[in-house]
Structures are given as structure tokens and as C-alpha cells.
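# Secondary and tertiary structure notes
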Amino acid sequence: VGTLIMNIQVQDLNHLGIIAGIIDEMGLVGEIDRQVGKHPQQIVSTGEAVKAMILNGLGFVSAPLYLFGQFFEGKATEHLLGGEIRAEHLNDDRLGRGLDDLWAVGLTELFSSVAMQAYRQFSVSAKSVHLDSSSFMVYGKYETEEAEDGTEAIAITYGYSKDHRPDLKQFLVDLICTGDGDVPLFLRVGDGNESDKAVFAQLMQQFRQQWDFEGIYVADSALYSEDNLQELGALRWITRVPLTLKAAQALVDSIDSSAFQPSQLSGYRIAECCSNYAGVQQRWLVIESDKRRDSDLKQLDKRLDKQCQQAQQQLRHLMTQEFHCPQDAQQTAAQLVQNWPYHCLDQLELIALNHYGSTGRPRKHQSPQSISYRLKAVVLNDPAALALAQRRCGRFILATNVLAPEALSHDDALQEYKGQQSPERGFRFLKDPLFFTSSVFLKTPQRVAALALVMGLCLLVYTLGQRLLRQSLIQSQATIPNQLGKPTSSPTLRWVFQSFQAIHLVWVNGIKQISNLTETRLKILRFMGAACQKYYLLC
């Protein structure tokens, strides 16, 4: 009886087929190769190298880029990347050359061209976009230098750290995202000491030129300055007015509760007034938020307790001092109170101390040689200051140059500003400890900046995939189980990735098969479309 010899090979696939399918549907590889160019002798083109980096970046195994090649060991590399690409081809040298290629063609322009292609392919809506920035810390010296083509690299340097790590050098990333699925449409890498206020208006103008965008721009209070508002010109915008402006602070302090009207958004009330700040006609919307008021009141109580302790300590020190005259004592007490925003002195007394120039009890009818004075008082809350601080709690001001309420209602303006969390969610995603760029360490500033582009492309792929799945579920009125096993129509793509662990590409005598495709996994893949399904041999 003959013995049947079977040749079996098992390679990890997991959720990487979903990522590869979204990348393919975007046309990312072809667009990058079109701009960078492809040498006929290259085994791995730059576009394919970037696809591999995104697979690495969204692998969620804490494998940074210096373990780039190791990440693909045991993976279905040829199946995912095509051609004859194997793990050994994805080494540090190919990674470095790929990052250099990205830098050479221009990072912002390249990201915009890829995002525009994906925007059209996935029918993303962009009635409004949201601009924000964040800092990314690095380890190393990173001296500013010129690239081989003469262009100057970004300045990786010390600056205001949004991660509260002023001891580390950093670079900044600016993102513009659409509210439809948090999809990033624009990315720019900037110097580590750059000011948002100095560049936000320029970035909006740059985005307008690249995208021919006629919608509304939304940004935080860094946009609101005299120079920026004048530079924006006819662009339509919504932003928050910083309460450091005297006019804004006076309005928040003085406006009466009766001026507010309930919003259709639960927990909000809105009052409108006009402004001509910076010579730009605009609407100011004073917002009262119940949730924010509760949070602000709790923070106020903490500040009161802390500042009361400081005031009492300062008063105890003051009461040990002696003054030559009552006026000096009273003046010193008044200067001390000026530094207390919420407290005042009560039961203020002046105690006279007689000095006779000798020790022991003074003789009867002996006149003192000198008299000094000490203060005695207690610290109390200042009722007027406290009432004013409590009135401010929960209030903020939005500004827009869309003057007609029928073009942009109060509620719509508030809803658009609440969507400012889009880029914030993107930055949280990029800074997640599981993401491979949580700590950046590459040799040159140019490669660090190019890596930031790859980070942005990872976010682009992730948000497009999550948006696709959620829209498909809602349109089909279907659900899938979440982490707790409960049905949901708005799962995170990260949970889907986690639920696709232990899926393998199995070769049996040269024939491909997929193992461990459960009914739930098959259901998810049906909603992800043919581009993802093909990697699981479903079409």
C-alpha cells in the first residue's frame, strides 16, 4: 500500500487581509508608485513597501519599524503583497529607502493625492472639515539638516508638549479630518516648536487650493486671532473664542440666564450676539452646557480648596511679621489679597506691640520707646468672586462668519464644533501604545517626517475600513457581536481585528485554504466587500 505524503504549510493571516483589501480598494500602491516611480529591477516598489509598513503598523503587536522584517516572518507575505515578495525583502534598507522616496516627492502633496483617491472611491462626505494638531515625541538628538536635494528637513526640537514631556524633542502633525467617519484628508508635518496660531489659517488656505473645498472649516481657539481671521478671507469657519479676550470674558460674565434658549441638542442652551472682532462680521454663540458645568464646578471646588490652603499659609506667615505703622500693615494685607482670585480677609485687626528697650516688666507709667503692629484676620471665600466664577462654569463662546441662521443654525454650528473630536480621536489612535509609532526613533529628520506620513496613511486605512463596516451594517439593518457579546451596528475596527486572530492561510499540496473562518467572521467579511474577501479566498 502506497503512503500518501502531504506537503502542508501554514502562514498567519489574521486581520491583515482586511487591511490589505482596504489598501487595494484605495488604489494606494498604484498612486504612490505613479508619483515616486518604479525601477524595473525593484522587487519591492515604494508603494508595496508602504503597504507593508501599513500592515506592520496596524498589526497591533507592538512591533516597531526596526523589527520590520521580523514582523512578516511566518505571515502570508506573498499572499498579502503579491508577486514574489518575501519577508527577507522587507528589511531595514528597503524601509529606509522607501521613507527617503516619500520625502523626496513631498509628504503633504502625496498624502492629499492618496486621500483624494480614497475619498472618491469610498464616497466620503465633506460638508465640513476639522483641523487640529498634536505633538509626537522622539528620542535622540536629531539636528536639523538639509536633504540631498537641498530642501531643509523639519526641526525636531523642544516645544510646548501636548503629551506633557517637555524633556523630549518633538515634531508636530497637523490633521484635517472630515466628520464623516473621522477620515483624514490632509496631513502636514511641522517643526517641534511651531505655533498652531501661526499656521492654522495658512493650512486652511492650502487645503482649499488642493481640494477645491467650499464647506465649513472647524478648529479650536488657536485659530481665533486678529491676523488669522483677516487671512481667512471668504472661507467659512467655526471656532471657539478664547476667554482670554476681554470682550469674550465680559460677555460670559455679564449675560443673563434669561437670554439663553434651549438647544435641540440635549443639555445645551444658546444665546446669540454679533461681533466685529478683527473687522470681520461674525456671530458669537454663547453656549451653556450642563455636562460641562458639572465638570467645571467640580474643578472649581478643587481650586477653591487648594487656593484656600495657600491663602491660609500666606496669612499665617503675614501674622508673624511686625510693621512700623498701621498703614504698612494694611497695605501689605491688601497686596496679598490682590493675588487671591476667590478669597478675602475678614475680622481684620491691628494689634499694637509696645517696645521698651529693656528686658523685664516695664516700670509704672514708663513710655515705650517704639510701637510695632501685627495683623490678625481669617480667610473667607469672596462671595462676589465666587458667584462670578460659578456663573462662568459651563459657558463657552463659538464664533462663525456664516451670518445667516438659515445657512447655519445655532444647533448646526454647535453640532459641527462637537465634531472637532474627529482629529482628536485620530491622534489618540496614533499615540496608542499598541501602535508601532508610539516611540519614534529613526536616523534622520527626513525619515521621521516620512514615517509620520505612514502613520497618517495607517489612520486613513483604519477610518475608511471602520466607516465601511458601520455603513454596511446600518444599511442592512444588521449587527455583529461586540466585546461583551452584545449586538452592535457601530463596532470599532480594532475589535474586529482582535476577533480575527488565529486565521491561517494553509497550503495543502500547493492548494490554498483558509482555516478558522467562523460564521461571525464570514458575516463581517460579507460587509467588508470583495476587495477584503479575496484575501480569505471568498471570491
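This write-up is about the structure you can find in this document. As the structure is a computational prediction, the values presented were derived from the model and not from experiment.

## Re the overall build of the chain
If you tally the helices and strands in the chain, you get 19 helices and 16 strands. A globule of 539 residues ought to have a C-alpha radius of gyration of about 24 Å, yet the chain, at 31 Å, is considerably larger. By principal-axis analysis of the C-alpha atoms, the chain measures approximately 135 × 60 × 55 Å. The buried share among the 539 residues of the chain stands at 49%. Look at the contacts in the chain between residues 6 or more apart in sequence, and 68% of them connect residues 24 or more apart.

## Some remarks on unusual backbone geometry
At Q477, a residue that is not glycine, the phi angle is positive and equals roughly 55°. Note on placement: Q477 falls in the loop between helix 16 (445-475) and strand 13 (480-481). Positive phi outside glycine occurs at N516, with the angle close to 70°. Within the fold, N516 resides in the loop between strand 16 (511-515) and helix 18 (519-528).

## Quick notes on the sheet that holds strand 4 (residues 184-190)
Read from one edge to the other, the open sheet built from nine strands follows the order 4-3-2-5-6-12-9-8-7, with strand pairing classed as mixed. Of all the strands in the sheet, the pair left with one neighbour each is strand 4 and strand 7 (261-262). The pairing of strand 2 (residues 128-137) with strand 5 (residues 216-219) spans four bridges and is classified as parallel. Across the sheet, the residue bridging to S128 is I216, located in strand 5.

## Section: the pattern of salt bridges
Scanning all chains against the criterion turns up 21 salt bridges. Residue E31 pairs with R34 through a salt bridge whose shortest N-O separation is 2.7 Å. Linking E31 with R34, this pair stays in helix 2 (residues 28-36), spanning three residues, or about one helical turn. In this structure, a network of salt bridges that share partners links the residues R269, E288, D290 and R395.

## Some points on the nonpolar core
Within soluble globular proteins, side chains that are nonpolar tend to cluster in buried spots. Counting residues in hydrophobic clusters, the biggest one holds 130 residues, and the most contacted among them are I18, M26, L28, I54, L102, F171 and L457. The element best represented in this core is helix 16, accounting for 18 residues. If we skip the residues at most four places from it in the chain, M26 touches V114, Q117, A118, F122, L460, V461 and L464. Counting 15 residues, the second-largest nonpolar core is a separate cluster that includes I270, I287, F396 and Y417.

## Observations regarding the pairing of strand 6 (residues 236-241)
For strand 5 and strand 6, the ladder comprises four bridges, and the chain directions are parallel. Along strand 6, the bridge assignment pairs A219 with T239. Viewed along the sheet, the connection from strand 5 through helix 9 (residues 226-232) into strand 6 turns out right-handed. Sheet topology note: the strand 6/strand 12 (residues 395-400) ladder contains four bridges and is antiparallel. Pairing of I238 across the sheet is with T400, part of strand 12.

## A word on helix 10 (residues 246-254)
Residues of helix 10 that are buried include every one of A248, L251, V252 and D253, and no others. On its buried face, helix 10 is in contact with strand 6, strand 8 (268-275), strand 9 (282-289), helix 13 (383-392) and strand 12.

## What to know about helix 6 (residues 92-105)
In this model, helix 6 (14 residues) spans 21 Å end to end at C-alpha, consistent with the 20 Å of a helix rising 1.5 Å per residue. Here helix 6 has its buried residues at R94, L95, G96, G98, L99, L102 and W103. Among the structural elements, helix 2, helix 3 (46-57), helix 4 (68-71), helix 7 (107-121) and helix 16 are those in contact with the buried residues of helix 6. Sitting at the head of helix 6, N91 places a side-chain oxygen 3.2 Å from the backbone nitrogen of D93. Downstream of helix 6 by one or two residues, G106 has phi in the positive range, about 100°.

Reading the values: rules and limits
Residues numbered from 1 in each chain as written. Predicted model: local features only at pLDDT ≥ 70, side-chain atom pairs only at ≥ 80, totals over all residues. Heavy atoms only, no water. Helix = DSSP H or I, 4+ residues; strand = E, 2+ residues; numbered from the N terminus. Rg over C-alpha atoms; globule rule 2.2 N^0.38 Å. Buried < 20%, exposed > 50% of the residue type's maximum accessible area, 1.4 Å probe, protein only. Contact = heavy atoms within 4.5 Å. Pairing = 2+ DSSP bridges. Salt bridge = Lys/Arg side-chain N within 4 Å of Asp/Glu carboxyl O. Core = buried A, V, L, I, M, F, W, Y, C linked by side-chain atoms within 4.5 Å. Right-handed = clockwise from strand over helix to strand, strands pointing away. Expected span 1.5 Å × (residues − 1). Polar contact = N/O pair within 3.5 Å; in protein donor to acceptor, adjacent residues only side chain to side chain.

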